[in-house]
Amino acid sequence: MKFPDILRLALRNLREARLRAGLTTLGVIVGVSMIVSMMSFGLGLQRNAVQRFRDLDLFNEITVSGRSLVGLVSSAMGDRSGGEGREGREGRRGRRGQADENDPARKVPERMLTEAALAEIAGLPGVASVEPNIDLTTYVRANKRALLRQVGGALVPNGATRFKTYLAGRMISSPEADEAVVDESFLRSFGFERPQDAVGQTLELLAPGGADEPKAGGGEEAGKKGAGAKDEANAKDEAGRDEDDDELSFFGLPLEEASPEDDPAASALAARTFRIVGVLKTEVEGGAQGGRQFRGMMPVSSIYIPLPAARAWADRYRNSISEVAFRLARASGVLKEGETAGYAMAVVRVTDPDVLPGVQTRLHELGFNSFSIVDQLKELRTVFLILNSALGLLGGISLLVASFGIANTMIMSILERTREIGIMKAIGAEDREIKLIFFVEAGLIGLMGGVAGALAAWAIDAVANRLAYRFILQPRGVSYVDFFALPPYLWLGAILFAVAISILAALYPAARAARIDPVKALRHD
Amino acid sequence: MNHSLIETREVSKHYRMGATTVVALDRVSVAVGQGEFVALLGTSGSGKSTLLNLIGGLDHPSEGEVIFDGRSLAPFTKREMARYRRHSVGMIFQNFNLITTMTAAENVELALAFGGLTGRERETRAGELLERVGLGERARHRPSELSGGEQQRVAIARALANRPRVLLADEPTGNLDSTRARELLSLLREMVAGDKLTVLLVTHDRDLAAQFADRTIQMRDGKVETMNAER
Ligand SMILES: Nc1ncnc2c1ncn2[C@@H]1O[C@H](COP(=O)(O)OP(=O)(O)OP(=O)(O)O)[C@@H](O)[C@H]1O
Ligand SMILES: [Mg+2]
């Protein structure tokens, strides 16, 4: 007998026992809809969590660190322990265990993060951008207040999520622009009522402008220092990064900006002015703490200025310890004339989270240290795998119950159809064919139940999501979130699973049907 | 008489009923030639149905063997046995044994489907068969909508569907009145005549047997009592 005939027979049998087949199918529908809706909830949680991390740039950023100036000087000055506390520790640890030596993350970086190195990293396949970290801790004056603040250098244009949303204004327009973006905490500390009030205002970075010297001399001195800065800027140009010529004028500025109302000491300060062009939205949505959100690998600042300006400022107003290290390095020859110290850290942004491990390996090969949370992503996946399995198991139990229903229905129908099976055997049905009829019947119940169950799950998801929004999210002012994920593999898999379970449930009934003795079945009643 | 198509050699069938053993057939040896119409007579419980089921391949003998066309059925696998039932024998029963949820045509088509026929070919053949038993008009009716005689004619059509060489009929007229019984057996005779089909007919009715059969075999208590010669 050909398969279409078997299928037709199976369909006929189900039609003949419509009510019973329907109820049995209902069991499968409940089971499948349980599995699918529960797993779609788990998958939704996972998707939303992963998406959230992705939005925070945690899966596409790598922190790179190079050899520090202090470490460089220590090795040149003959400190065998490695000099720098951290490196010394690392060194001892390395000697203690073989495993540590093989661990690239524990190695002391071989190379410095110079501009040339950054350019090289930027050229690696899969790298979208490289942003060196420059943090300036400096006094900032705005809205007639002067406060000690952390100022960060920002790559312009910048693909990071933290520069995506603004309460007012926009991102810094170009690397050369004297523009700054600030965050909400800046508004509070500098006394701006509304974000719009800050946009268009200026802020000044303050530095000692020779307070002991007379005003005119101060200008001259500043000019000389400016020339020194220019030299360094030229050196940096050679290393690959360009800086504007007119920067000199900023460093040479004898501070006309200093307003007459300020106290006399303040008037002896050097300042560089930036126009505030944007206020970042950094507060967590609906968050009670009002704290700043952790976004990406780069340390968070409340004020960002273009990277070249930050670099120039940092070089110009290096703190004394750094200055000593720099001069020692120059003097000993480890840092050649025209070479700069390099950055302590940079953030590498990759084009896709999938290429991140490859890029990280390349970074190690190039002699840098790096860190990413890709391992944490793996762990997150494991956690969700367990959660989803647990949810699937719960749903699976109801499908198991349904499978007993299928077995029961099949056995009932054997009792009812004994004579029919006997007839079929008498006219030449093989055992195989009798079994197949039962398998197809069960498979059809599984298929119909599976399809209807998947549809039911979809409806359950839609209703549950709407209710959750109406009664949980909306009252808290949170925007609509899709809690469920219903990927095709989930519902297709559930349908296939239902069919498989159903056929499994028919295993015993089918074997029993095939065993029916036609002589007994046909004996007249 | 031709070379025998069906032969039983010392065939016995025992049924164990707890401590006792029922002997349904006791060393029965019969031979039926190609194209013969043989009537099997005997009192109730004499083992007629049991013998027919063994010949029809629905059951296995406890002892002895059934030979069909020179081949013993004993070494047949279950699958070969199913093929044998499908292609070599056709059976009809006292209680018709039609599938009640199927129409007359569907009942015949089911047998054809097991025989491997599909589609148009199958429908055409089923139509022809029903036409030949005079039920062309009733093809779309279910058994419950047909008289006993009509149901038995559907059963004949089904039994002959895969062109078997033997027709085994176990009291096919048992549920029919004598007029209908005669009509049915006339039809049966007519149907098998052309193809020189071998028929084994179980009946209680000596007159019917005498009228339609070439010869009769008389059974009693699981044994062959008399085997009268060919007329
Ligand atoms: N499955 C069985 N278990 C036990 N005994 C059986 C079984 N099948 C048949 N018998 C016995 O075998 C004997 C022969 O039965 P069988 O049905 O062949 O008789 P029969 O000649 O066809 O009778 P009838 O004319 O009433 O149909 C009977 O005594 C019957 O009780
Ligand atoms: Mg009988």
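Residues numbered from 1 in each chain as written. Chains lettered and ligands numbered in written order. Predicted model: local features only at pLDDT ≥ 70, side-chain atom pairs only at ≥ 80, totals over all residues. Heavy atoms only, no water.

**Some remarks on the overall build of chain B**
And then number 1: Check the secondary structure of chain B and you find seven helices and eleven strands.
And then number 2: Compactness check: chain B gives a C-alpha radius of gyration of 17 Å against a globular reference of 17 Å for 231 residues, within 12% of the reference.
And then number 3: Projecting the C-alpha coordinates of chain B onto the three principal axes gives extents of approximately 50 × 40 × 40 Å.
And then number 4: In chain B, which comprises 231 residues, the share counted as buried stands at 55%. (Helix = DSSP H or I, 4+ residues; strand = E, 2+ residues; numbered from the N terminus. Rg over C-alpha atoms; globule rule 2.2 N^0.38 Å. Buried < 20%, exposed > 50% of the residue type's maximum accessible area, 1.4 Å probe, protein only.)

**Regarding the interface of chain B and chain A**
And then number 1: Each partner contributes to the interface: chain B provides 27 residues, whereas chain A provides 26 residues.
And then number 2: Close ionic contact of Glu430(A) with Arg83(B) constitutes a salt bridge, the shortest N to O distance being 2.9 Å.
And then number 3: Taken together, the connections running from chain B to chain A amount to ten residue pairs in polar contact (both at pLDDT 80 or more).
And then number 4: When contributions to the side of chain B that touches chain A are tallied by element, the ones reaching two or more residues are α2 (78–87) and α3 (104–114) of chain B.
And then number 5: It is α2(B) that contributes the most residues to the side of chain B that touches chain A, six residues altogether.
And then number 6: Tallied by class, the residues present in the side of chain B that touches chain A amount to eleven nonpolar, seven polar and nine charged. (Contact = heavy atoms within 4.5 Å. Salt bridge = Lys/Arg side-chain N within 4 Å of Asp/Glu carboxyl O. Polar contact = N/O pair within 3.5 Å; in protein donor to acceptor, adjacent residues only side chain to side chain. Nonpolar A, V, L, I, M, F, W, Y, C, P; charged D, E, K, R; others polar.)

**Details of the site of ligand 1**
And then number 1: Close to ligand 1 lie 14 residues, the nearest being Ser44(B), Gly45(B), Lys48(B), Ser49(B) and Thr50(B).
And then number 2: The local environment of ligand 1 is shared, drawing residues from chains A and B.
And then number 3: Calculation on ligand 1 without its partners gives an accessible area of 630 Å², and the protein chains cover 73% of this total.
And then number 4: If you list the elements that add at least two residues to the shell around ligand 1, you get β1 (4–17) and α1 (48–55) of chain B.
And then number 5: With three residues, the single largest contributor to the shell around ligand 1 is α1(B). (Near = heavy atom within 4 Å. Areas by Shrake-Rupley, 256 points an atom, 1.4 Å probe, with all protein chains shown as cover.)

**Focus: the sheet that holds strand β2 (residues 127–132) of chain A**
Residues and elements named next belong to chain A.
And then number 1: Read across the open sheet, the four strands follow the order β2-β10-β1-β11; overall the sheet is antiparallel. Each end of this open sheet is capped by a strand with a single partner; those strands are β2 and β11 (369–371). Across this sheet, the average inter-strand angle for adjacent strands is 25 degrees, counted without regard to direction.
And then number 2: Its contacts with the sheet place helix α6 (residues 115–122) against β1 (61–65), β2 and β10 (345–350), and it is angled at close to 160 degrees to β2. (Pairing = 2+ DSSP bridges. Axes fitted to C-alpha atoms, helices over the stretch in contact; angles between N-to-C directions.)

**What to know about the pattern of salt bridges**
And then number 1: Tallying each qualifying case throughout the model produces 36 salt bridges over all chains.
And then number 2: Ionic pairing is found between Arg349(A) and Glu131(A), a salt bridge with its closest N-O pair at 3.8 Å. Placement of Arg349(A) in strand β10 and of Glu131(A) in strand β2 is noted, with a sequence separation of 218 residues between them. Comparing Arg349(A) with Glu131(A) shows no difference in burial state: the two are buried.
And then number 3: The salt bridge involving Glu123(B) is made with Arg120(B); its shortest N-O contact spans 3.6 Å. Of this pair, Glu123(B) and Arg120(B) both sit in helix α4 (residues 119–132), three residues apart, roughly one helical turn.
And then number 4: On the basis of relative accessible area, Glu123(B) is assigned to the partly exposed category, the value being 41%.

**Comments concerning the confidence of the model for chain B**
And then number 1: Looking at chain B, the pLDDT average stands at 92 and 98% of residues meet or exceed 70.
And then number 2: The complex model carries a pTM of 0.72, and its ipTM stands at 0.94. (pLDDT = per-residue confidence, 0-100.)

**Some thoughts on the pairing of strand β9 (residues 303–306) of chain A**
Residues and elements named next belong to chain A.
And then number 1: Sheet topology note: the strand β4 (residues 145–154)/β9 ladder contains four bridges and is parallel. Bridge assignment links Gly 152 to a residue of β9, and that residue is Tyr 304.
And then number 2: Pairing of strand β6 (residues 179–182) with β9 involves two bridges; the strand directions are antiparallel. The partner of Val 181 across the bridge, within β9, is Tyr 304.

**Quick notes on the packing of aromatic side chains**
All names here are of chain A.
And then number 1: Scanning the model with the defined rule gives eight aromatic pairs over all chains in all.
And then number 2: Pairing Phe 186 with Phe 192 gives two aromatic rings, centres 6.0 Å apart and planes at 20 degrees, and the pair type is stacked.
And then number 3: Given a relative accessible area of 0%, Phe 186 falls into the buried group.
And then number 4: Aromatic rings pair up to connect Phe 186, Phe 190 and Phe 192 into one cluster.
And then number 5: Residue placement shows Arg 311 over the ring face of Tyr 343; its charged tip is 4.5 Å from the ring centre. (Phe/Tyr/Trp six-rings, centres within 6.5 Å; stacked < 30°, edge-to-face > 60°. Lys NZ or Arg CZ within 6 Å of the ring centre and 35° of its normal.)

**Considerations on the domain arrangement of chain A**
Bring the parts together and some accessible area is lost; that lost area is often taken as the interface size.
All names here are of chain A.
And then number 1: On domain assignment, one finds that chain A holds domain 1 (3–54 + 379–523), domain 2 (60–132 + 343–372) and domain 3 (134–332).
And then number 2: If you look at the interface, domain 2 gives 18 residues, while domain 3 gives 23 residues.
And then number 3: With both sides pooled, the region where domain 2 packs onto domain 3 buries about 1700 Å², and carbon together with sulfur makes up 68% of that total.
And then number 4: The three residues of domain 2 that bury the most area against domain 3 are Glu 115, Glu 131 and Pro 132, which together make up 32% of that side's buried surface.
And then number 5: Counting across the domain 2 and domain 3 interface gives one salt bridge.
And then number 6: A salt bridge links Arg 311 to Glu 115, with the shortest nitrogen-to-oxygen separation between them at 3.9 Å. (Domains from an automatic or database assignment. Buried area = accessible area lost by both parts, 1.4 Å probe.)

**Describing the side chain of Arg417(A)**
And then number 1: Relative to the assigned elements, Arg417(A) resides in helix α14 (residues 374–426).
And then number 2: The contact partners of Arg417(A), leaving out residues within four places of it in the chain, are Asn13(A), Ile437(A), Phe438(A) and Glu441(A).

**A closer look at the environment of Val28(A)**
All names here are of chain A.
And then number 1: In this fold, Val 28 is placed in helix α2 (residues 18–55).
And then number 2: The class of Val 28 is buried, set by a relative accessible area of 1%.
And then number 3: In sequence terms Val 28 and Gly 449 are 421 residues apart; their C-alpha atoms lie 4.9 Å from each other.
And then number 4: With residues near it in sequence (within four places) discarded, Val 28 still touches Leu 399, Ala 402, Ile 406, Ile 445, Gly 446, Gly 449, Gly 450 and Ala 498.

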